[in-house]
Amino acid sequence: MEKHKPPSISVQLQQSAARIHPQRGEGAASNFSESLQWEPSCQYRPLQGGVRITADMPPRLEGTWVSTRCEVRPGPEFLTRSYNFHASRQFSALQHYYSDGGCERPAYTLGVRGKLRLRQASWITRGATEAEHHLGKVSVAVHDPAAVQKLAHRLASACGGAVLGRMVPGRSYELYNTRAGRSCLGALGFSMMEMGLVRLETRQHQGAHGGRKIQELFLGDVHTEWTQRTHHRPTGYQQPLQNALHHIHPCPVCGLVYRSTQQRPPVLPRVPAAALALEGRWVSERCEARPSVLFLTRDFTFHPDRHAWEGVYRHYSDPGCTRATFTLRAAGHYARGNPSARLPGATEMAFKVIRVKVTPWDESSVRLLNGTRPGHCGPSGRWETGVERDVTPTAGCSALGIKLPHKEYELLKTELDPWKHPLLFTGERPTDGLSPDRPQRRPTSFQPPMVLCGGAGGGKAASTHGSGSSSQRVQSAASGSESLAQLGLLALGAALCSWFWVQ
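What counts and what doesn't
- Residues numbered from 1 in each chain as written.
- Predicted model: local features only at pLDDT ≥ 70, side-chain atom pairs only at ≥ 80, totals over all residues.
- Heavy atoms only, no water.
- Helix = DSSP H or I, 4+ residues; strand = E, 2+ residues; numbered from the N terminus.
- Buried < 20%, exposed > 50% of the residue type's maximum accessible area, 1.4 Å probe, protein only.
- Contact = heavy atoms within 4.5 Å.
- Arc of directions from axis to C-beta.
- 1 Å grid on protein atoms, 1.4 Å probe; cavity = no way out; pocket = protein on both sides within 12 Å on 5 of 7 lines; lining within 4 Å.
- Points joined across faces, edges and corners; volume = space filled by probe spheres on them.
- Nonpolar A, V, L, I, M, F, W, Y, C, P; charged D, E, K, R; others polar.
- Phe/Tyr/Trp six-rings, centres within 6.5 Å; stacked < 30°, edge-to-face > 60°.
- Pairing = 2+ DSSP bridges.
- Salt bridge = Lys/Arg side-chain N within 4 Å of Asp/Glu carboxyl O.
- Disulfide = S-S within 2.5 Å.
- Core = buried A, V, L, I, M, F, W, Y, C linked by side-chain atoms within 4.5 Å.

S.K.: Now, about the overall build of the protein chain: what can you tell me, with residues and values included?
M.R.: What the protein chain contains, in helices and strands, is eight helices and 26 strands. Burial statistics for the protein chain: of 503 residues in total, 55% are counted as buried. Within the protein chain, contacts between residues separated by at least 24 positions form 63% of all contacts whose residues are at least 6 apart in sequence.

S.K.: Kindly report on the environment of Pro145, identifying the contributing residues and their values.
M.R.: Relative to the helices and strands, Pro145 resides in helix 1 (residues 145-154). Considering only alpha carbons, one finds Pro145 and Arg166, 21 residues apart in sequence, at a separation of 10.0 Å.

S.K.: Tell me about helix 1, residues and numbers included.
M.R.: Residues of helix 1 that are buried include every one of Ala147, Val148 and Leu151, and no others. For helix 1, the buried positions fall inside an angular range of 110° around the axis, keeping them on one side. Away from its buried face, by an angle of more than 90 degrees, helix 1 presents the exposed residues Pro145, Ala146, Gln149, Lys150 and His153.

S.K.: Please provide a residue-by-residue account of empty space enclosed by the protein, values included.
M.R.: Under the definition given, this model contains five cavities of 30 Å³ or more. Lining of the largest cavity is provided by 15 residues; of these, Arg73, Ser191, Met193, Val222 and Arg229 occupy positions nearest its centre. Per-class residue counts for the lining of the largest cavity are six nonpolar, five polar and four charged.

S.K.: Help me get a handle on the packing of aromatic side chains, residues and values and all.
M.R.: Overall, the coordinates contain eight aromatic pairs when judged by the stated rule. Ring centres of Trp309 and Phe351 lie 6.4 Å apart, and the angle between their planes is 80°; on these two criteria the pair is classed as edge-to-face. Residue Trp309 is found in strand 18 (residues 308-316), and its partner Phe351 is found in strand 20 (residues 347-360); the two are separated by 42 residues along the sequence. The class of Phe351 is buried, set by a relative accessible area of 1%. Pairing Tyr334 with Phe351 gives two aromatic rings, centres 5.8 Å apart and planes at 40°, and the pair type is tilted. Of this pair, Tyr334 sits in strand 19 (residues 324-339) while Phe351 is found in strand 20, placing the two residues 17 residues apart along the sequence. Given a relative accessible area of 5%, Tyr334 falls into the buried group.

S.K.: Quick one: what's the story with the pairing of strand 15 (residues 280-284), residue by residue and with numbers?
M.R.: Summarising burial for strand 15: five of the five residues are buried, a large majority. Here strand 15 runs beside strand 17 (residues 294-303); their pairing, made up of four bridges, is antiparallel. Bridge pairing in strand 17 links Trp282 to Phe300. Across three bridges, strand 15 lies against strand 26 (residues 450-452) in antiparallel orientation. Following the sheet pairing, Trp282 is matched in strand 26 by Leu452.

S.K.: So what about the pattern of salt bridges? Which residues, and what values?
M.R.: Enumeration according to the criterion identifies 21 salt bridges in this entry. Note that Arg286 and Glu216 form a salt bridge whose closest N and O atoms lie 3.0 Å from each other. Of the two residues, Arg286 sits in the loop between strand 15 and strand 16 (288-290) while Glu216 sits in strand 13 (residues 213-219), which places them 70 residues apart along the sequence. Note on accessibility: Arg286 and Glu216 belong to one class, buried. Residue Asp437 is joined to Arg438 by a salt bridge in which the shortest nitrogen-to-oxygen separation is 3.6 Å. For Arg438, a relative accessible area of 37% translates into the label partly exposed. Through salt bridges that share partners, Arg199, Glu201, Arg203, Glu216 and Arg286 make up one connected network.

S.K.: Before we move on, can you summarise the state of the cysteines with the specific residues and values?
M.R.: For the structure on display, the rule yields four disulfides. Between the sulfur atoms of Cys70 and its disulfide mate Cys103 the distance is 2.0 Å. Of note, the bridge from Cys70 to Cys103 carries an S-S torsion of about 65° and is right-handed in sense. A residue pair is termed long-range when its members are at least 10 positions apart, and Cys70 in the loop between strand 4 (63-66) and strand 5 (71-73) and Cys103 in the loop between strand 7 (90-98) and strand 8 (106-121) qualify at 33 residues. Taking the relative accessible area as the measure of exposure, Cys70 reaches 15% and is therefore buried. Assessed through its relative accessible area of 0%, Cys103 is described here as buried. The disulfide partner of Cys251 is Cys254, and the gap between their sulfur atoms is 2.0 Å. As the torsion about the S-S bond is roughly 75°, the Cys251-Cys254 disulfide counts as right-handed. Neither Cys251 nor Cys254 differs from the other in exposure class; each is buried.

S.K.: Account for the environment of Arg314, naming residues and giving values.
M.R.: The residue Arg314 is located in strand 18 in this model. Arg314 gets classed as partly exposed once you look at its relative accessible area, which sits at 23%. Sequence separation of Arg314 and Ala324 is ten residues, and the distance between their C-alpha atoms is 7.2 Å.

S.K.: Tell me about the side chain of Thr347, and please be specific about residues and values.
M.R.: Examined against the element boundaries, Thr347 turns out to sit in strand 20. Of the residues examined, Thr347 reaches a relative accessible area of 6% and is grouped as buried. Residues within four places of Thr347 in sequence aside, it is in contact with Leu276, Arg336, Gly337, Asn338, Pro339, Ser340, Glu410, Leu411 and Leu412.

S.K.: Help me get a handle on the nonpolar core, residues and values and all.
M.R.: Of all hydrophobic cores here, the largest spans 39 residues; its most connected members are Phe85, Leu135, Val140, Phe190 and Met192. Looking at this core, the element that brings in the most residues is strand 8, giving six residues. Once residues lying within four places of it in the same chain are set aside, the contact partners of Leu135 are Phe91, Val112, Arg113, Gly114, Tyr176, Thr178, Leu185, Phe190 and Met192. The next biggest cluster of nonpolar side chains, apart from the first, holds 32 residues, and it includes Phe302, Tyr313, Phe326 and Val358.

S.K.: Tell me about the pairing of strand 19, and name the residues and values.
M.R.: Side chains on a regular strand alternate between the two faces of the sheet. As defined by bridge partners, strand 18 adjoins strand 19 across nine bridges and the pair is classed as antiparallel. Bridging from a neighbouring strand, Ala308 pairs with His333 of strand 19. Both strand 19 and strand 20 contribute to a ladder of twelve bridges, which runs antiparallel. When the sheet's bridge partners are listed, Arg329 is paired in strand 20 with Lys357.

Structure representation (structure tokens):
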């Protein structure tokens, strides 16, 4: 049987020994800079000429970092963020919360001040830096009378609920102060545990745009369960913030968030709703990280005439997605449900996985698969590096947590990026690794967006379904024109293997 080749990503690694600055941690550590040049068979490039990505450890955080779109946290919660880090290790943060999914109606703003101390490189999440934060003060300013009643109801009277019930819009009220020892943060589900994990990436766009630099700050993920978020220690990331001086262009949201204050939150411009339009092939725009130490890229193809889908999940052992561990190739069917009542613009979907094939890429994966009991993971004892095997006859693979057939309840949404290219958002995977196999476990937030393949490099799937046609359909839907075909997808890999880690 002919062996496959590992996923193609060229990478350059540069490493030099250095001592961490006293303000950034103690002792000696390596100043590690990783650089990669994406070369997938289907590549999305809004800026021609390629993208070179570097991640420096320890990261230099000084400056202001802002949201690039209306963010969605589990719940759901809608917010924008503006974080400012100083060389003195002091930080200030603004979290603007909204009552709508487009971040057009501000509800209240939390103002946070504290200290952040970078520690050592993370032993759990490769490519990240662990940090320790101390809150000094947290205050709230309410912008909507309805939010006053909501906050007063959620905050106990011992935290000042009676006072908060008489809040005046635009005025700041203290919720926490280390000197006074008064905290109302738990009732809000608020914490800054995201500061516990930090990664800074610099994207150097080469070619047509004169080497534009974009800096992105990845902070730790927020637990998908409300009751767990205040003490959750992150191992993955949430949507990155971008440097106020080095961000994507155009970015109308960046400027609005940068100029915001606690009393004057940003009101984002209205984005026309776009119906689902997913013809063709969609791929990850970056190496994606998941909680429980998982790095992967996703690749989906849709067949709307048959309501069928195919997904390829390429897993890696490093944050640059250069060292492949195994690949999952899944297929099945889907059914479209109703528009989401909790997330405007999103659509509820149901997916059934009926076939999965696995390709191990390293010896550790081969040993794991060959160590399973006969009849529990494909052909027992016959796994080889680079050879794809079908695990459908054994109803999945116990070593990877795959059970077939398998049904999941999903949430999908499409938008247009600043260059009017389609983006696909799929439901965020549960932090605890459980599968959304029942309606009440349906996601309430999203994973990083996927991008539509375009041009000749899109591969067979893209040429068959017409990637240009999909782009046009999303744009026409956004302008309020005719309805679009029913489509959907599944984010299977993270749920199936959230615990699987190859050293």
